[in-house]
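Inside the fold
Below are the chains, spelled out letter by letter.
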Amino acid sequence: MNDMTPIRDPERRRKPDWLRVKAPISKGFSETRKLMRRLNLNTVCEEAACPNIGECWTQKHATVMILGDTCTRACAFCNVKTGMPRPVDPLEPEHVAVAAGELGLEHIVITSVDRDDLPDGGARQFVKVIESLRKNAPNTTIEILTPDFRNKADDAVRAIVEARPDVYNHNLETVPRLYPTIRPGARYYHSLRLLERVKTLDPTIFTKSGMMLGLGEGRLEVHQVMDDMRSADVDFLTLGQYLQPTPRHAEVIDFVSPKQFGSYGEMARAKGFLLVSSTPLTRSSYHAGDDFARLKAAREAKLAKG
C-alpha cells in the first residue's frame, strides 16, 4: 500500500462514535423550520441531510438553498432530488432577506441547486438575493456557495462578484480521479478556474472551497488538491467526512479518524491557507459566521506582517 492507496476496511464502514449526533428536538430547531416553511424557502441543511442540522437550527442558523429544491444533475454523493426544476421564484430574494432579519443573522450562507436549464445558470438570482440582503439586512455579511455554472461561468461569476458577497465558496468536493463517478456532471479544472477567476476579478473577496473525505481518495491526492487550491489563491479550506445519504448513493470507503483530519489540517495550514476547518463533522457552512470573523482576523494579521 502506498500514499495513493485508500484504506478499505469493511469494519470501518460502521458509523463511529465521533459521527453520532443528537436528534433535533429543541425549540429553536422548531422555530427555524416554521420560519423556512412560512417563507417558502429551502435549506441545504434539510435537502442534503446535514448531520449538524440540530445544532445549527437550535442556534437559528440555516443555509438557504435558492433556485428551488430540484437539481438538474445527479451527483453520486448528493441527496438533493434530480429532475426538471420549477420556475424561479421572484419573491425568493425578498424572503431570504426577511429570514435573515427574523433569525437575527450576522452572517448568512446562500447556496443553490444546479440550474443547467437557465441561460445564466441561476447567477442573476444570486445577484438579486445579495442585493436584497444589502438593502434589507445591511449588517449581515454574505457568503455564497455556488454551482460551477457549466458553459456560462465567465459571465455568471463576473455578475456575482460585482454584487460583492463577502465570501465566495465553490467546492471541489473530491480529488480529480474520482470526478467521473462522484461528480460526473462537473470538471475538476473548470471548478478550479472558477475559484481563480473570482480572485482575478476581485482579490478582496474571500474564497473558500471544500472536500469530502472517505470516498476512496489517497493522502497524496488530497495534498495535491490543497496545492491546486493554493495556486488559485483560495483562502479557506474545509475538509469533512462523507456520509452516504441513502444506499443508492456512493458508498463510504473509509471513516477518516479525527486524528487523520487533524493531520490534514496541519498540512493545509503549512501550505498557506488563511483558515482551515478539518474535522469529521465539518461542512461548508458549519460555524460559517465565526469562521468569517476568524478569516478577517487572519488576513489582517498577515497584512500586518508585511
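Being a predicted model, the structure only gives us computed values, none of them experimental.

Cut-off values and rules
Residues numbered from 1 in each chain as written. Predicted model: local features only at pLDDT ≥ 70, side-chain atom pairs only at ≥ 80, totals over all residues. Heavy atoms only, no water. Helix = DSSP H or I, 4+ residues; strand = E, 2+ residues; numbered from the N terminus. Buried < 20%, exposed > 50% of the residue type's maximum accessible area, 1.4 Å probe, protein only. Polar contact = N/O pair within 3.5 Å; in protein donor to acceptor, adjacent residues only side chain to side chain. Contact = heavy atoms within 4.5 Å. Axes fitted to C-alpha atoms, helices over the stretch in contact; angles between N-to-C directions. Parallel < 35°, antiparallel > 145°, perpendicular 65-115°, else oblique. Nonpolar A, V, L, I, M, F, W, Y, C, P; charged D, E, K, R; others polar. Core = buried A, V, L, I, M, F, W, Y, C linked by side-chain atoms within 4.5 Å. UniProt positions renumbered as here; feature names shortened; annotations may be inferred. Phe/Tyr/Trp six-rings, centres within 6.5 Å; stacked < 30°, edge-to-face > 60°.

What about the side chain of His-107?
Tracing the backbone through its elements, the reader meets His-107 in strand β5 (residues 107-112). Assessed through its relative accessible area of 12%, His-107 is described here as buried. Engagement of the side chain of His-107 in a polar contact is seen with the side chain of Thr-141, the distance being 2.7 Å. In contact with His-107, other than residues within four places in its own chain, are Thr-140, Thr-141, Ile-142, Glu-143, Val-167, Ala-288, Gly-289 and Phe-292.

Some details on the environment of Arg-283
Tracing the sequence through the fold places Arg-283 in the loop between β10 (275-278) and α11 (288-304). In this structure, the C-alpha to C-alpha distance between Arg-283 and Gln-241, residues 42 residues apart in sequence, is 8.5 Å. In terms of polar contacts, Arg-283 uses its side chain to reach the backbone carbonyl oxygen of Gln-241, at 2.9 Å. Within the local environment of Arg-283, its side chain forms a polar contact with the backbone oxygen of Pro-280, the two atoms lying 3.2 Å apart.

Notes on the packing of helix α5 (residues 123-136) against helix α6 (residues 153-162)
Between α5 and α6, whose axes approach to 9 Å, the crossing angle comes to 0°. Considering the angle they form, α5 stands roughly parallel to α6. Contact residues: Ala-123, Phe-126, Val-127 and Ile-130 in α5; Ala-156, Ala-159 and Ile-160 in α6. Classifying every residue of the contact of α5 with α6 by side-chain character gives 7 nonpolar, no polar and no charged.

Considering the nonpolar core
One broad rule of soluble globular proteins: the nonpolar side chains tend to lie buried together. Counting 40 residues, the largest nonpolar core has Val-96, Ile-108, Ile-110, Leu-133, Phe-149, Ile-160 and Tyr-168 as its most contacted members. When contributions to this core are tallied by element, the ones reaching two or more residues are α1 (27-38), β2 (63-66), α4 (92-103), β5, α5, β6 (141-145), α6 and α8 (188-201). Among the elements that take part in this core, α5 stands out by supplying 6 residues, more than any other. Apart from residues no more than four positions distant in its own chain, Ile-160 is found in contact with Ala-123, Phe-126, Val-127, Ile-130, Ile-144, Thr-146, Phe-149, Pro-165 and Tyr-168.

What to know about the UniProt feature "binding site: [4Fe-4S] cluster 2" (unreviewed entry) in the protein chain
Under the UniProt annotation, "binding site: [4Fe-4S] cluster 2" (unreviewed entry) lies at Cys-71, Cys-75 and Cys-78. One can find Cys-71 in strand β3 (residues 70-71). When near neighbours in sequence (up to four residues on either side) are disregarded, Cys-71 contacts Val-80, Lys-81, Thr-82, Gly-83, Val-113 and Asp-114. Counting through the fold element by element, Cys-75 comes out in the loop between β3 and β4 (81-82). Filtering out sequence-adjacent residues up to four positions away, Cys-75 remains in contact with Ile-182, Arg-183, Pro-184 and His-249.

Points about the packing of aromatic side chains
Each aromatic ring pair is described using two quantities: the centre-to-centre distance and the angle formed by the ring planes. Counted under the stated rule, the structure contains 4 aromatic pairs. Note on Phe-206 and Phe-292: the rings are 6.0 Å apart at their centroids and 90° apart in plane angle, and the pair reads as edge-to-face. Separated by 86 residues along the polypeptide, Phe-206 in strand β8 (residues 206-213) and Phe-292 in helix α11 bring together distant segments of the chain. Here Phe-206 matches Phe-292 in class, with each residue buried. Three or more aromatic residues joined by ring pairs make a cluster, and in this case those are Tyr-179, Tyr-188 and Tyr-189.

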